[in-house]
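These are the residues of each chain, in order.
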Amino acid sequence: MKFRLACSAALASTLFVGAQAYAQTVFTASSWVPPTHTLSVGQKEWCDALEKESAGRMKCNILPKMVSAPPGTFDAVRDGLADISFTVDGYTPGRFVNTQVAEFPFLGDNSMATSVAYQRIYSKYFAPLGEHRGVKVLGVFTHGPGTIFNSKKPVTSLADGATLKWRIGGGNINELTKAMGWNTTLKPATEAFELLSTGVMDGTLFPDESIASFKLSMIKYATVLPGGLYNTSFVFMMNPAKYDALSAQDKAVVDKLSGEYAARLFGAGWDKVDDASVNGAQKAQGVQRIKASEAFVNEIKAKQAALEDKWAAAAEAKGLKNPKGVLAEFRAEIAKVK
C-alpha cells in the first residue's frame, strides 16, 4: 500500500513538473488595421519571432477584431484588454510631448532610418522620463515620409492646399496644417476611405503605402516633399503586468526582440509597402506625382520653425534637457542609420 502511494505521489510530481515545463504564455494581440496592413503584418512577424526565440514557451493569439478604436488602444493595453498592440501617439492630442520630435517635416526619406534613429533617441532621452508610463514599450517607430494626396488638383503651394478639405492623423502635422491655413479634420487612418469616397474630405496626408492599404482609388494627385511633410510616431507595447509575470528567461527573450529590433522590423516592412504602392496602386490609378518646389518647401519651413520652438518649450517643461540639441542629434542619427 505504501509502495503504491509512493508511486502515485512520484507520478503526480512528475506530471506536475512536466506540465510546468510545457506551460505556455499566450499573449492576446490586437490590431486596428486590416490583417494585410504592414502594421498587422509586422506585429505578426514579431509574434512569430517571439514563439521561435522562446522555443514555444510564448506565443500570440491574434484577435479577429480590435479591442478598441485606435485612440483608445494605449489605455486598452495598459488596462489589460489586450496584451500587445500599437498606436499613434498623435491620436490623443496633448498626451505625449517628447515623441512629437519624430513627427517633424523633412526628417528622412524612408521609415527604416527615421524609426531606428527615433528608437535610439527614445531610449536615451524619452524612456527615462516615462513618456509612455503605464505600458511596457517594446519599440517605437515612424511610418515612411508623409505625402500630400488629394482627388481634386495639383498642390504646389500653401495657397493651393488652403482651398481643399483634409483628413489628418494628429500630432505635429495637426499644428503645422493649422499654421499653414489649411482646413483639416483629425480622424484615424481607418476612416480615410469613407471620408474621401463620400466627398466629405478632398484629400489626406499619408505615407505612400496608404493609397494601396486603404484602397484610396479616388486619389489622383500626390505632392512629394524631400524627407516628407511629416512622420507619425508609433509605440509598440505590451501590458506591463503580463510582462512582469514572465520568468527571467522569458523576459530576456522579450527584451531581445524589443528596442531597435522592433524598430527595424516595422521600418523595413513600411519601406517595402511604400515602394509597392508607388509602383503598383498609384501607377495603376494614374496618380500624378509632383515634386514640391523649393519655394513651397521654404513656405512650410517658415511655419514649422515656430512649432519647433513651441515643442522645445513644452518638452523642457516635461523634464527634457536641451530639446533643440536632442532634435539636432536625432537628425544627425537618421543620417547614420545603416
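In the block above lies the structure referred to throughout.
Report on the accompanying structure.

About the thresholds
Residues numbered from 1 in each chain as written. Predicted model: local features only at pLDDT ≥ 70, side-chain atom pairs only at ≥ 80, totals over all residues. Heavy atoms only, no water. Disulfide = S-S within 2.5 Å. Helix = DSSP H or I, 4+ residues; strand = E, 2+ residues; numbered from the N terminus. Buried < 20%, exposed > 50% of the residue type's maximum accessible area, 1.4 Å probe, protein only. 1 Å grid on protein atoms, 1.4 Å probe; cavity = no way out; pocket = protein on both sides within 12 Å on 5 of 7 lines; lining within 4 Å. Points joined across faces, edges and corners; volume = space filled by probe spheres on them. Nonpolar A, V, L, I, M, F, W, Y, C, P; charged D, E, K, R; others polar. Pairing = 2+ DSSP bridges. Axes fitted to C-alpha atoms, helices over the stretch in contact; angles between N-to-C directions. Contact = heavy atoms within 4.5 Å. Phe/Tyr/Trp six-rings, centres within 6.5 Å; stacked < 30°, edge-to-face > 60°. Lys NZ or Arg CZ within 6 Å of the ring centre and 35° of its normal.

### Description of the state of the cysteines
Thinking step 1. For the structure shown, the criterion picks out 1 disulfide.
Thinking step 2. Disulfide pairing is shown between Cys47 and Cys60; the S-S distance is 2.2 Å. Looking down the S-S bond of the Cys47 and Cys60 bridge, the torsion is -80°, so its handedness is left-handed. Of this pair, Cys47 sits in helix H2 (residues 38-53) while Cys60 sits in strand S2 (residues 58-62); the two residues are 13 residues apart in sequence, bridging distant segments of the chain. Per residue, the accessibility class of Cys47 equals that of Cys60, and both read buried.

### Let's talk about empty space enclosed by the protein
Thinking step 1. Evaluation of the coordinates by the stated rule reveals 2 cavities of 30 Å³ or more.
Thinking step 2. For the largest cavity, the calculated volume is near 160 Å³.
Thinking step 3. In terms of lining, the largest cavity is formed by 20 residues, of which the most central are Tyr91, His143, Ala189, Phe206 and Phe234.
Thinking step 4. Contributing elements (two or more residues each) for the lining of the largest cavity: strand S8 (203-206) and helix H8 (209-213).
Thinking step 5. A class-by-class count of the residues in the lining of the largest cavity yields 13 nonpolar, 5 polar and 2 charged.
Thinking step 6. The volume enclosed by the second largest cavity comes to roughly 30 Å³.

### Looking at the sheet that holds strand S7 (residues 183-186)
Thinking step 1. With respect to topology, 6 strands assemble into an open sheet ordered S7-S6-S8-S5-S9-S11, the strand pairing being mixed. Both outer strands of the open sheet, S7 and strand S11 (288-291), are each paired with one neighbouring strand and no more. Each adjacent strand pair in this sheet contributes to an overall mean axis angle of 25°, direction not counted.
Thinking step 2. Contacts from helix H6 (residues 172-179) reach strand S6 (165-168), S7 and S8, with the element oriented near 160° to S6.

### Description of the packing of aromatic side chains
When we look at a pair of aromatic rings, we describe it by the centre distance and by the angle of the planes.
Thinking step 1. By the definition in use, this model includes 14 aromatic pairs.
Thinking step 2. Geometrically, the ring pair formed by Phe234 and Trp270 is tilted, given 5.5 Å between the ring centres and 45° between the ring planes. Linking Phe234 in strand S10 (residues 233-238) with Trp270 in helix H11 (residues 260-279), this pair joins segments that are 36 residues apart in sequence.
Thinking step 3. Grouped by ring-pair contacts, the aromatic residues Trp46, Phe141, Phe234, Phe236, Phe266 and Trp270 constitute a single cluster.
Thinking step 4. The residue whose ring lies beneath Lys136 is Tyr243, and the NZ or CZ to ring-centre distance is 4.3 Å.
Thinking step 5. For Lys301, the ring lying beneath its charged end belongs to Phe106, and the centroid distance is 5.7 Å.

Interpretation in functional terms is not warranted from these geometric data alone.
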